[in-house]
Amino acid sequence: MQKSLSYRNSYHENLHRYAGLKRFFERWSADPDFKQDLIDNTTETLKKHAIPVTSDEIKYMIDERITEMPQPVQTMWEISKSKQDLIQSFYLSENLPRDRGMLAWRNRQIARQRFDLGPFFTDTNIHSSMTVELSQGCSVGCWFCALSPDSFKENYNYEDNHEEWLGLLDTMHSFLGDAMKSTFLYWATEPFDNPDYEKFCLDVYEECGVFPPTTTAVAHKDTERIRRFIELSADHGCWLNRFSLTSLGIMSKVHKAFSAEELAEVECLALNMNTSFAYGNAGNFRKKALERPEILSQQDDKLRKAPWHRFNPDYAGSEEYANGSICCVTGFLINAVSKKVQLISPTTASDEWPLGYIIFAEAIYENAAALEMILEAWSVQYFKEELQDNDILRFHPWLGVSVLQDRIEIKGRFNQKEIIEKSTNPSLYDLVKHITETPARLADIRQHAAVHLSIPPQVSDLLINELYKKGFFYGC
């Protein structure tokens, strides 16, 4: 088996080449006073924050007379674009589920997300096929956490559960195939709560050839362990790690403890309140925002200043908050401690799905054999390429379905539209009109179409399944 990711190319080379500028922009995006400090004393401010760039390299950021986009800014934008190209290749094109039914289900969910969460979220999401929690609960307790974990309770012990763990990996790899390469090992948990986290990562690497990416909020605590982990993951071809920095003080500690070169391949995500990054409106943050709506308004203002939002008429013309989920899994969420497996996919957080993801199914497995049986059962119920007779068809409640005299418009949250013209597709127009009036089983809709609309069964099935593939139907 070929080990390690094969995309460690110009993206990673440029991260190292521009490590100083990368660190500069991390501070710039997080600290609203940083610009004035640079104006007052550029050299001392750069030294204070351990940013290894020269005054000339960043003068364009503080000199308002410079109006053209400087080359370093363009370079950082190109690095970001190359990262997205990597995601598109690795996660969305090459390492897909082996099971055709699961692949069809995954594609439906991604199609739905374009109408549900918008094109930017959908296109930049990795849509991982599996994540595994190695703890029960989280020790960090971020007030804004979109996944609302309980307090830390218990770890999954490596030595005691080694055989069971390898059985889990083998079972999931047999089912997922190359999609196993998208695995990571945390969710509503802090990965470094588990003292054997590194060993679990190495087992994933041995199983499928890819060292899983990691996001941690405790990089400032045991810096020597984190330093060893950065080296370990780089040695095994890991394409990305991330530090969640929840305050400017923590950012300063991390930048002081690690050189810019050491963190070249680590995204330092500024999550303090005044950062330009906007929180996901789910979980803990959503609860807080429901109590204090002005918090959400402040975050919405940040989003609307972002180029992808500001220059896209679909986003700019929508009143919806454009960060309604932080979920990046369209597949399996497994907690190794409780032995719970869930089938999930991102959605805009709501009273029904407050954590920003749909839970299609969940079960408790006792061992690898039981897990395999669960996968088989879910394959019948969810991982199918076409609708079955007893499937009830109704549109998602958040879709705007407007039945007009000459057309039907299906509108998403961010002005994404599907238009069905009556003149060009009268059969589909009549079918959709009927579904909006009377949600029913596919078999009943097929019969109604044949008797009352003169649409042959094979035609109605074909047309309805095209809507099914686009993710328009609730619960499918």
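Not measured: the values here are computed from a predicted model.

*Asks:* What exactly am I supposed to notice about the domain arrangement of the protein here?
*Replies:* As a measure of interface size, the accessible area lost when the parts come together is often cited. Split by domain assignment, the protein resolves into domain 1 (99-217 + 271-381) and domain 2 (392-470). Look at where the C-alpha atoms of domain 1 and domain 2 centre, and you get two points 32 Å apart. Across the contact, 19 residues belong to domain 1 and 15 residues belong to domain 2. Between domain 1 and domain 2 lies a buried interface of about 1400 Å² when both sides are counted; carbon and sulfur atoms form 58% of it.

*Asks:* Hey, could you run me through the packing of aromatic side chains in this one?
*Replies:* Aromatic rings in a pair are described by how distant their centres are and how their planes are angled relative to each other. Overall, the coordinates contain 35 aromatic pairs when judged by the stated rule. For the pair F24 and F25, a centre-to-centre distance of 5.3 Å together with 80° between the ring planes defines the contact as edge-to-face. Between F120 and W308, the aromatic rings sit 4.1 Å apart at their centres with planes inclined by 5°, giving stacked as the arrangement. Of this pair, F120 sits in helix α8 (residues 119-124) while W308 sits in helix α15 (residues 307-310), and the two are 188 residues apart along the sequence. Assessed through its relative accessible area of 24%, W308 is described here as partly exposed. One aromatic cluster is present, built from ring pairs that chain together W105, F175, F332, F360, W378, Y382 and F383. Note that K302 overlies the ring of Y279, its terminal NZ or CZ placed 5.9 Å from the centroid.

*Asks:* Explain the state of the cysteines to me, please; I cannot follow it from the model alone.
*Replies:* One way to say it: the disulfide is the covalent bond shared by the sulfur atoms of two cysteines. Summed over the entire model, instances satisfying the criterion amount to zero disulfides. The closest cysteine sulfur to the non-disulfide-bonded C138 is located on C142, 6.7 Å from its own sulfur. No disulfide involves C145; its sulfur sits 6.3 Å from the nearest other cysteine sulfur, which is in C142.

*Asks:* How do you make sense of the sheet that holds strand β7 (residues 329-335) when you look at a structure like this?
*Replies:* In a beta sheet, neighbouring strands are held together by backbone hydrogen bonds and run either parallel or antiparallel to one another. Strand order in the open sheet made by the four strands is β1-β7-β8-β9, with mixed pairing throughout. Each edge of the sheet is formed by a strand with only one pairing partner; in this case those strands are β1 (128-133) and β9 (357-364). Strand after strand, the sheet turns through a mean of 20° between neighbouring axes, direction not considered. As judged from the five bridges shared by β1 and β7, these two strands associate in the parallel manner. Counted as the bridge partner of T131 is L333 from β7.

*Asks:* I tried to follow the pairing of strand β5 (residues 241-245) on my own but got confused; where do I start?
*Replies:* Along any regular strand the residues' side chains alternate between the sheet's two faces. Of all the five residues making up β5, four are buried; the element is thus mostly covered by neighbouring parts of the structure. Pairing geometry for strand β4 (residues 214-216) and β5, over three bridges, is parallel. Within β5, the residue paired with T215 across the bridge is R242. Considered for its hand, the β-α-β crossover made up of β4, helix α11 (residues 223-235) and β5 is right-handed.

*Asks:* Honestly, the packing of helix α9 (residues 162-176) against helix α10 (residues 197-208) in this entry has me stumped. Any pointers?
*Replies:* Across the interface, α9 lies against α10 with an axial gap of 11 Å and an inter-helix angle of 40°. Overall, the two elements α9 and α10 adopt an arrangement that is oblique. Between α9 and α10 lies a crossing of right-handed hand. Together, H162, W165, L166, L169, D170 and H173 of α9 and F200, D203, V204, E207 and C208 of α10 make up the contact between the two elements. When its residues are assigned to classes, the contact of α9 with α10 shows six nonpolar, two polar and three charged.

The rules behind each value
- Residues numbered from 1 in each chain as written.
- Predicted model: local features only at pLDDT ≥ 70, side-chain atom pairs only at ≥ 80, totals over all residues.
- Heavy atoms only, no water.
- Domains from an automatic or database assignment.
- Contact = heavy atoms within 4.5 Å.
- Buried area = accessible area lost by both parts, 1.4 Å probe.
- Phe/Tyr/Trp six-rings, centres within 6.5 Å; stacked < 30°, edge-to-face > 60°.
- Helix = DSSP H or I, 4+ residues; strand = E, 2+ residues; numbered from the N terminus.
- Buried < 20%, exposed > 50% of the residue type's maximum accessible area, 1.4 Å probe, protein only.
- Lys NZ or Arg CZ within 6 Å of the ring centre and 35° of its normal.
- Disulfide = S-S within 2.5 Å.
- Pairing = 2+ DSSP bridges.
- Axes fitted to C-alpha atoms, helices over the stretch in contact; angles between N-to-C directions.
- Right-handed = clockwise from strand over helix to strand, strands pointing away.
- Parallel < 35°, antiparallel > 145°, perpendicular 65-115°, else oblique.
- Left-handed = near helix turned anticlockwise from the far one by under 90°.
- Nonpolar A, V, L, I, M, F, W, Y, C, P; charged D, E, K, R; others polar.

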